[in-house]
Structures are given as structure tokens and as C-alpha cells.
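# Residue-level structural notes
Now for the letters of each chain:
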Amino acid sequence: VQLQASGGGLVQAGGSLRLSCAASGRTFSNYAMAWFRQAPGKEREFVATIRWGGGSTCYAESVKGRFAISRDNAKNTVYLQLNSLKPEDTAVYYCAAKGPLVFYSADRCFDAPHDYDYWGQGTLVTVSS
């Protein structure tokens, strides 16, 4: 499995960015895909996750209503739309994949780094005040 994250950059507070995660190497219909982030000196934290097959999502409380995760099956790509950005959103953003999923309920939210088997290289988002 290869995950290639892109789309990071420098943006002013209140602005928007869209991150992309191109996935390859498997059929991902039975996978969970996620975005995590890690700010300097802090631990990696969960941002959002989506089930590739059914499309169910869940979000960290800190980004609910501002960020949106989605996927494009034809392009094998997962997106993270970041709106109303704040300086505290500054971090390296990583995409991750978990699967294939077996014996899990469709609405289970995998929100810990150790849940995930595959990681992309990260893309830096910097939000200036």
C-alpha cells in the first residue's frame, strides 16, 4: 500500500485548503482511511476518518464543522477540506489506511494512530495569524 499526501501550504487564518491522499497498491473498498496531524513538540492526533465502502465518517471535536473528509472511488483518493483555519491547526498532516476490515461494525470510528497499518509521508499546513 502506498499513500501519497499533498496539498499543504501556507494560509492565513480563516482561509481554506484541500489536502489529497492518493492511495495505490490495493483495492480499498474494505478499508478505513484517516487523517492525523502532528504539531511541533506534540503527539500525533486524530483529525477525521472515512470508511471507503460505506462512506461513514467521524471527526475530532476540534475540527467538527470546519473540516470535511471525502473520497473519490474512481481516483482512489481521499480528501480533507480544511475551512475556517486557525493558527492552532498548523501541523504536518498525515493520511493513513487500515484494512482490510473484518468483523467490525460499519460505524466504528478508528481514531488512534496504532489502529492504522499504513501511513503516507505527510504534508505541512501552516496557518498564519
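Higher on the page you've got the structure.
The text that follows walks through the structure, step by step, so that each part is easy to find. (Residues numbered from 1 in each chain as written. Predicted model: local features only at pLDDT ≥ 70, side-chain atom pairs only at ≥ 80, totals over all residues. Heavy atoms only, no water.)

### A word on the pairing of strand S8 (residues 77–82)
Counting buried positions over the six residues of S8 gives five, a clear majority of the element. Pairing analysis gives six bridges linking strand S3 (residues 17–24) to S8, with the strands arranged antiparallel. Counterpart to Ala22 in the pairing with S8 is Thr77. Examined bridge by bridge, strand S7 (residues 67–72) and S8 share six bridges and lie antiparallel to one another. For Ala68, the partnering residue across the bridge sits in S8 and is Gln81. In textbook terms, the turn of a hairpin is the stretch between consecutive antiparallel strands, and for S7 and S8 this stretch comprises four residues, one of which, Asn76, has a positive phi near 50°. (Buried < 20%, exposed > 50% of the residue type's maximum accessible area, 1.4 Å probe, protein only. Helix = DSSP H or I, 4+ residues; strand = E, 2+ residues; numbered from the N terminus. Pairing = 2+ DSSP bridges.)

### Details of the state of the cysteines
On inspection of all chains with the given rule, the structure shows two disulfides. Each sulfur in the disulfide pair Cys21 and Cys95 lies 2.3 Å from the other. Between Cys21 and Cys95 the sulfur-sulfur dihedral comes to about 65°; the bridge is accordingly right-handed. Residue Cys21 is located in strand S3, and its partner Cys95 is located in strand S9 (residues 91–98); the two are separated by 74 residues in the primary sequence. The exposure class of Cys95 is buried, given its relative accessible area of 1%. There is a disulfide in this structure between Cys58 and Cys109, and the S-S distance comes to 1.8 Å. (Disulfide = S-S within 2.5 Å.)

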